[in-house]
Amino acid sequence: MMRLILPLLAGTLFLCNPAQAALRPADPVVQVIEQAPTFQGGNAAEFSKWVAEHLVYPKDAKEDGIQGRVMVQYTIGDDGKVSNVKVLRGICESLDAEAVRVVSSSPVWEPGIQDGKPVKVTYQIPIMFRLPADE
């Protein structure tokens with residue numbers, strides 16, 4: 001009898017675990033889709049150019065000579081708006097914050113399409129911060 005109760009108890013604890021419940025998304029985000037989102041008539045490479053044009057190098061990072069790559073993840077909603085912007089791999093607080101600021105300020109995209117309907121799509125973008133050689 002005890003042999004039957006332990007697996008049942010373990011299974012019940014697994015189902016009641018809040019961490020496991022959080023893994024079940026209510027509104028799935030698609031990562032492989034029929035038609036990718038477009039940014040101002042182009043693809044994600046156009047967005048990379050837009051990001052580079054709108055970056056402002058933070059004064060403290062510039063003064064300290066900090067440079068490198070911040071990896072940012074974001075979601076393009078089924079309405080084309082960018083949300084859920086977060087740093088996956090950062091450099092320092094001010095550069096990370098600037099990367100998030102710029103990606104969050106993105107103009108609206110044309111959303112991705114799956115089965116004829118707009119869907120959410122998650123992307124990652126590396127954002128390079130480089131100081132000119134003469135500074």
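Rules behind the numbers
- Numbering of residues begins from 1 in every chain and follows the order in which that chain's sequence is written.
- Two thresholds apply to this predicted model, a pLDDT of at least 70 for residue-level local features and 80 or more for giving and counting side-chain atom pairs, whereas whole-chain, interface and lining totals are computed over all residues.
- Heavy atoms from the whole structure form the basis of all side-chain values; hydrogens and water molecules are not counted.
- Two rings from Phe, Tyr or Trp (for Trp, the six-membered ring) form a pair when their centres sit within 6.5 Å of each other. Planes less than 30 degrees apart are called stacked, planes more than 60 degrees apart edge-to-face, and all others tilted.
- Here a helix means four or more residues in a row that DSSP labels H or I, a strand means two or more in a row labelled E, and each is numbered from the N terminus.
- Exposure is judged per residue with a 1.4 Å probe applied to protein chains only, and the accessible area is read against the type maximum: over 50% gives exposed, under 20% gives buried, and values in between give partly exposed.
- Here, strands pair whenever DSSP counts at least two bridges between them.
- In this analysis, axes come from line fits to C-alpha atoms, helices being fitted only over the stretch in contact, and the angle between any two N-to-C directions falls in the range 0 to 180 degrees.
- We call two residues contacting when some pair of their heavy atoms lies within 4.5 Å.
- Throughout, the arc means that of the directions going from the helix axis to the C-beta atoms.
- Under this definition, polar contacts are N or O atom pairs within 3.5 Å; protein pairs additionally need one hydrogen-donor-capable and one acceptor-capable atom, and for neighbouring residues in sequence, both atoms have to be side-chain atoms.
- The predictor's confidence in any single residue is recorded as pLDDT, a number from 0 to 100.
- What we call a nonpolar core is a set of buried Ala, Val, Leu, Ile, Met, Phe, Trp, Tyr and Cys residues that are connected through their side-chain atoms within 4.5 Å.

Moving on: the packing of aromatic side chains. Using the criterion set out here, one finds ten aromatic pairs in the structure. Between the aromatic rings of Y57 and F129, the centroid separation amounts to 5.6 Å while the plane-to-plane angle is 90°, which identifies the pairing as edge-to-face. Taken together, the positions of Y57 in the loop between α3 (44-54) and α4 (59-63) and F129 in strand β5 (residues 121-129) put the pair 72 residues apart, joining distant regions of the chain. The residues Y57 and F129 share a single accessibility class, namely buried. Their ring planes at 25° and their centres at 6.1 Å tell us that W109 and Y123 sit as a pair that is stacked. In this pair, W109 sits in the loop between α5 (93-104) and β3 (112-114) while Y123 sits in strand β5, placing the two residues 14 residues apart along the sequence. Judged by relative accessible area, Y123 falls into the partly exposed class, the value being 21%.

Another aspect to go through is the sheet that holds strand β2 (residues 82-89). Pairing is antiparallel across the open sheet formed by three strands, whose spatial order is β2-β1-β5. At either end of the open sheet lies a strand with only one pairing partner, and these are β2 and β5. The mean angle between the axes of side-by-side strands here comes to 25°, regardless of whether they run parallel or antiparallel. Taken together, the five bridges between strand β1 (residues 68-76) and β2 define a ladder with antiparallel strand orientation. Considered in β2, the bridge of T75 is made with S83.

The backbone of Q40 sits at a positive phi, close to 45°, despite the residue not being glycine. Relative to the helices and strands, Q40 is located in the loop between α2 (18-22) and α3.

Another aspect to go through is the environment of K81. Position of K81 relative to the elements: it lies in the loop between β1 and β2. Separated by 26 residues in the primary sequence, K81 and P107 have C-alpha atoms spaced 7.4 Å apart. When neighbours within four sequence positions are excluded, K81 is seen to be in contact with T75, I76 and V108.

What follows covers α3. All of the buried residues along α3 are F47, W50 and V51. Taken around the axis of α3, the buried residues stretch over an arc of 100°, which confines them to a single face. More than 90 degrees from the buried face of α3, the exposed residues found are A52 and E53. Structurally, α3 contributes buried residues whose contacts are with β1, α5 and β5. Looking at where α3 begins, the residue whose side-chain oxygen comes 2.9 Å from the main-chain nitrogen of A45 is N43.

The predicted model of the chain averages 81 in pLDDT, with 75% of residues at 70 or higher. Confidence drops under pLDDT 50 across residues 1-26; counting only partners more than four residues distant or on other chains, this segment forms two contacts.

What follows covers the nonpolar core. Counting 22 residues, the largest nonpolar core has F47, V51, V72, Y74, V103, I125 and I127 as the members making the most contacts within it. Elements that contribute at least two residues to this core include exactly α3, β1, β2, α5 and β5. If we ignore the near neighbours within four places in the chain, the residues touching I125 are F47, S48, V51, V70, M71, V72, Y74 and V103.

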